[in-house]
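Structure at a glance
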Amino acid sequence: ELILEHKNETFKKFIEKAIEIEGTINEITYKNNKYTLILSEKNNNTLILCEMQTDQNQKIKKLNVGEKVKIKGILKGVLMDVIVLNCIILDQEIYE
């Protein structure tokens, strides 16, 4: 489950820590030799920006918008959306 209640104290405990996130891919972008996955969760308007490690590029090329994915990365904080850096794909299977 995504940690999206970013205004509460529980969320603050996870900043600068590795977290796992599962969500639906809204967008895949590529800039400065890095992919970013923008994930969402049903019933929530907050997006999660996941900047991926470059060694994940081949796995990301197989993903499509609308698919579910599970990633792990370092929670950096929140501006308008949740920001997670140094992400890797934990399970490349497509969820139903």
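Above this text is the structure in question.
**Some remarks on the nonpolar core**
Counting 19 residues, the largest nonpolar core has Leu 37, Leu 39, Cys 50, Met 52, Val 69, Ile 71 and Val 84 as the members making the most contacts within it. Elements that contribute at least two residues to this core include exactly strand E1 (18-31), strand E2 (34-40), strand E3 (48-52), strand E4 (68-78) and strand E5 (82-91). If sequence neighbours within four positions are ignored, Cys 50 has contacts with Tyr 35, Thr 36, Leu 37, Leu 39, Ile 71, Val 84 and Cys 87.

**With respect to the pairing of E3**
Burial along E3 is one-sided: Ile 48, Cys 50 and Met 52 are buried, and none of Leu 49 and Glu 51, which face the opposite way, are. Examined bridge by bridge, E2 and E3 share four bridges and lie antiparallel to one another. Directly across from Leu 37, in E3, lies its bridge partner Cys 50.

**Let's talk about the pattern of salt bridges**
On inspection of all chains with the given rule, the structure shows two salt bridges. In this structure, the salt-bridge partner of Lys 76 is Glu 16, at a minimum N-O distance of 2.8 Å. Here the residue Lys 76 occupies a position in strand E4, and Glu 16 occupies one in the loop between helix H1 (9-12) and E1, the gap between them amounting to 60 residues. The partner of Glu 51 in a salt bridge is Lys 34, and the shortest N-O contact between them spans 3.3 Å.

Analysis parameters
- Residues numbered from 1 in each chain as written.
- Predicted model: local features only at pLDDT ≥ 70, side-chain atom pairs only at ≥ 80, totals over all residues.
- Heavy atoms only, no water.
- Core = buried A, V, L, I, M, F, W, Y, C linked by side-chain atoms within 4.5 Å.
- Buried < 20%, exposed > 50% of the residue type's maximum accessible area, 1.4 Å probe, protein only.
- Helix = DSSP H or I, 4+ residues; strand = E, 2+ residues; numbered from the N terminus.
- Contact = heavy atoms within 4.5 Å.
- Pairing = 2+ DSSP bridges.
- Salt bridge = Lys/Arg side-chain N within 4 Å of Asp/Glu carboxyl O.

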